[in-house]
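Each chain, written out:
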Amino acid sequence: SIHPHPQHTIIPSQSHTGPSDVHDERHYFSVTIIMPPHQVTDDVSELLFASSTTGLNLTIPTVGPVEVSWTGVVHSRGLIATRDITPGDCLFVVNPSASASVIEVRERWEKSESGRSLESFAEEVLLEDMKRCLESDAAAAASFMTLFGDGGETESNEGMQDRKLLMNLLIGKGEVEEKFDAIDERKLLGIVRRNAFGPDYRNYSAIEEEWTSQVKERVERQLIYRRMLGMYPLSAIINHSCEPNAVRVFVGETMIVHASASIHKGQEIVWSYIPPTQTYSQRQEQILGKYGFRCTCTRCQNESCALGSAIGLAEKLFTLNEFNTPNSGAKGMEGVAILEAILEDDRLSNETRRYFRVGYTNLFVNHFNSTLLELSQTSPSNTNAIREKILACATQLHFAFAACHNASTEHLSILHLCYELVSFIHASSENQRKTIMKVRFWTEQMKRAHMVRYGCLGNDLENVRRVMKHTRGVLRKKNGLQSAEWNFI
């Protein structure tokens, strides 16, 4: 085990995706249903560890136990389960129908002296690729142009036929008989800003900061980021919830989606358009500002009810805002103590307590970082006792993530921390028969979470070990992404 890195900070995913039913115009075209996509496999290890996507046995696109539905969804259309699904089941694997080349985006960004944002260059390059599709790749164009209409409110008389037709369109397998007319760039940009998927793991600001530093220090270019911005139409019709039941992983530009929670037949597939590791008010403000609706998912209703009915709770939690920002240092320890005291309120259910803990993730991370940094610098005699306290605190956060944000990068990072802490405790324990049980417990928790995020991996223990080693390097080591052997997150 390596020492828990004191400078580690969890960075939530900053993806761009949103409801696809908010546009006020439709674009009609003639299509023909073709052969259905290849059935999905739960073993994506070949794709994770491959140096390229050529020569693989896995067919892309491949779609599993999901179908398009106009009923029983948050908005007018979405994806639902066609059977009972267990955590770790693969829902689908797709490539982008159009994308912004990382190399092209970086070259334009480096040459610019206008002060334009990196995101604007990514949008510019993506729009050019979408225009190319409109001119010469009708199937790809049809896939993202399905996001242009309002999606309809009910299923047509054809029912299942319409579902299959739309599914084929969304994965770029619809046979389009007519070419598209010229589309106003502003309308295409509207599709991009509500439906495209941006950088994963690092947001635009973080990438821009890293690139700026490389330019100033004249560091040789490193192609760390394999993707920047892309259109994934099937993924784009998945609706929002602050309590997601699906998780996505990118391998280069290929997107793999697994179930992160149990999903019943007919239940909707949902994920979060924003980092769920924010407070109720932060999430509502961000969703309303960017996507134009208020979230009424189970988690938001639960937290809203608690804040409204437990007199004084909202005011107490408000005092934690100053601690709940990235890199607020030693204030995290004080903030966690205040939060846990607040959560002892008998009026709160265990479920509500878990939701609040996830919303204050930054507060916990600040506490862990500052305490571990101090520990590495001072090496006090009660080091293991301090580690035990951190582990107890991180354990509560782990169970909170497992309940409502399972197998996310933040969750995996917390699991790696817990495993490292308990390994140190075990190594210096006088009763290793007792502590080895804790090591085994956290090993199993790590294994389970990784086999949710990345699937069963062929039930090959060596594959599981490789994935866990990879995520530890990326999430727990400084500049771990740069030195990673594989390019998935």
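Up top you'll find the structure we're talking about.
The structure reproduced in this document is the subject of the present report. It should be emphasised that the depicted structure is a prediction, and the values quoted were computed from it without experimental measurement.

1. A closer look at the nonpolar core
For soluble globular proteins, nonpolar side chains are generally found buried alongside one another.
So, step 1. The biggest cluster of nonpolar side chains holds 135 residues, and the ones touching the most others in it are Leu48, Leu79, Phe92, Phe144 and Met231.
So, step 2. Considering each element in turn, this core owes the most residues, nine residues, to helix α3 (residues 118–136).
So, step 3. Not counting chain neighbours up to four residues away, the residues in contact with Phe144 comprise Ser97, Ala98, Met130, Cys133, Leu134, Leu188, Ile191, Met231 and Pro233.

2. Looking at the pairing of strand β11 (residues 246–251)
The two faces of a sheet get side chains in turn, since along a regular strand they alternate between them.
So, step 1. The buried fraction of β11 is high, at six of six residues.
So, step 2. What you see with β11 is no split at all: Ala246, Arg248 and Phe250 on one side and Val247, Val249 and Val251 on the other are buried throughout.
So, step 3. In this structure, β11 lies alongside strand β12 (residues 254–259), joined through six bridges in antiparallel fashion. Bridge pairing links Phe250 to Met255 in β12.
So, step 4. Connecting β11 to the antiparallel partner β12 that follows it, the hairpin turn spans two residues, and Gly252 within it adopts a positive phi of roughly 65 degrees.

3. A closer look at the packing of helix α9 (residues 280–291) against helix α10 (residues 298–309)
So, step 1. Contact pair α9 / α10: the axes reach a minimum separation of 10 Å and the direction vectors enclose 125 degrees. It follows from the interaxial angle that α9 and α10 lie oblique. Seen from above, α9 lies across α10 with left-handed handedness. Contacts between α9 and α10 involve Tyr280, Arg283 and Gln284 on the former and, on the latter, Arg299, Cys300, Glu303, Ser304 and Leu307.

4. Overview of helix α15 (residues 383–404)
So, step 1. Between the first and last C-alpha of α15 there are 32 Å, a value that for 22 residues agrees with the 32 Å anticipated at 1.5 Å per step.
So, step 2. Each element contacted by the buried residues of α15 is listed here: α12 (331–343), α13 (350–359), α14 (361–378), α16 (409–427) and α17 (432–453).

5. Here's the deal with the packing of α15 against α16
So, step 1. Running from N to C, α15 and α16 cross one another at 150 degrees; their axes reach a closest spacing of 9 Å. The angle between α15 and α16 falls in the class roughly antiparallel. Once α15 is placed against α16, the crossing between them reads as left-handed. Across the interface between the two elements, Asn384, Arg387, Glu388, Ile390, Leu391, Ala394, Thr395, Leu397, His398, Phe401 and Ala402 from α15 touch Glu410, His411, Ile414, Leu415, Leu417, Cys418, Leu421, Val422, Phe424 and Ile425 from α16.

Here is what the cut-offs are and how they apply
- Residues numbered from 1 in each chain as written.
- Predicted model: local features only at pLDDT ≥ 70, side-chain atom pairs only at ≥ 80, totals over all residues.
- Heavy atoms only, no water.
- Core = buried A, V, L, I, M, F, W, Y, C linked by side-chain atoms within 4.5 Å.
- Buried < 20%, exposed > 50% of the residue type's maximum accessible area, 1.4 Å probe, protein only.
- Helix = DSSP H or I, 4+ residues; strand = E, 2+ residues; numbered from the N terminus.
- Contact = heavy atoms within 4.5 Å.
- Pairing = 2+ DSSP bridges.
- Axes fitted to C-alpha atoms, helices over the stretch in contact; angles between N-to-C directions.
- Parallel < 35°, antiparallel > 145°, perpendicular 65-115°, else oblique.
- Left-handed = near helix turned anticlockwise from the far one by under 90°.
- Expected span 1.5 Å × (residues − 1).

Note that all results are geometric; they support no functional claim without further evidence.
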